[in-house]
Amino acid sequence: MSLLSHFDHPVEDAQHTFRRILKALSEPGVLVALPHSTGWQPLNPATTSLLLTLVDQETPLFLDEFLNSDTAQQNVRFHTGAPLTACNRTACFALFSPQITEKQLADCPAGNELSPEHSVTVIIQTDSLHQGTPLRLRGPGIEHDRRVAPCLPAVVLNYLLNRPVAFPAGIDFLLTCGGNLMAIPRTTHVEVC
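Reading the values: the criteria
Residues numbered from 1 in each chain as written. Predicted model: local features only at pLDDT ≥ 70, side-chain atom pairs only at ≥ 80, totals over all residues. Heavy atoms only, no water. Pairing = 2+ DSSP bridges. Helix = DSSP H or I, 4+ residues; strand = E, 2+ residues; numbered from the N terminus. Axes fitted to C-alpha atoms, helices over the stretch in contact; angles between N-to-C directions. Salt bridge = Lys/Arg side-chain N within 4 Å of Asp/Glu carboxyl O. Buried < 20%, exposed > 50% of the residue type's maximum accessible area, 1.4 Å probe, protein only.

If you look the chain up in an unreviewed UniProt entry, it shows as Phosphonate C-P lyase system protein PhnH from Yersinia frederiksenii ATCC 33641.

Below, the structure is given as structure tokens:
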């Protein structure tokens, strides 16, 4: 078993990370840096910080095949107690690489009008949060509009541009790259610039 640490100051860093995640979710498209030292390979530092802060024994986690390593599994189980699920339909959080498929995304629960809380939060490890398709974001937390260009998998970009379910149902996306995070919650209207 190869257990790794992550936060230099576990309590303070987890609290700081939680505040940064809230900032990212309340201000869609804003890039925030998360405290870290290194990630649990193949998880990047921001993804590792997210998991340490958000998942616990009551939040099943799905890891896609490209991010599912023995090191990641052992450290998630030890540090968070989160049950790992082989099916993203039963997960509270689902972690995907840029190779996410249309079927994988379609299988992620989006909740419904009466129970929007039954949706999954999708975390995507991206190659860049700056060099993708230019997008204009509008909605709560954005005064007029915000322009961003994260490298999104085609299926995620298509989902965001043509949201298949109406609010309050839907999927919240957390995008990570290195030690940085960007959020695009279900309340955000997305269009190509």
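Take the sheet that holds strand β6 (residues 135-138) next. With antiparallel pairing, three strands are arranged side by side in an open sheet as β7-β6-β10. Two strands close off the open sheet at either side, each with one partner strand: β7 (146-148) and β10 (189-192). Ignoring strand direction, the axes of neighbouring strands in this sheet form an average angle of 30°. Pairing of β6 with β10, which is carried by four bridges, proceeds in the antiparallel orientation. Counted as the bridge partner of Leu135 is Val192 from β10.

For the structure shown, the criterion picks out seven salt bridges. The salt bridge involving Glu191 is made with Arg136; its shortest N-O contact spans 2.7 Å. Highlighted residues: Glu191 in strand β10 and Arg136 in strand β6, separated in sequence by 55 residues. On the accessibility criterion, Glu191 (24% relative accessible area) is partly exposed. Looking at Arg136, the relative accessible area reads 18%, which means it is buried. Two residues, Glu191 and Arg138, come together in a salt bridge whose shortest N-O distance is 3.2 Å.

This next bit is on unusual backbone geometry. Residues Gln41 and Pro42 are joined by a peptide bond in cis, for which omega reads 5°. Among the secondary structure elements, Pro42 is positioned in the loop between β1 (32-33) and α2 (45-54). In this structure, the amide linkage connecting Phe167 to the following residue, Pro168, adopts the cis form with an omega of 20°. Inspection of the secondary structure assignment puts Pro168 in the loop between α5 (154-161) and β8 (172-177).

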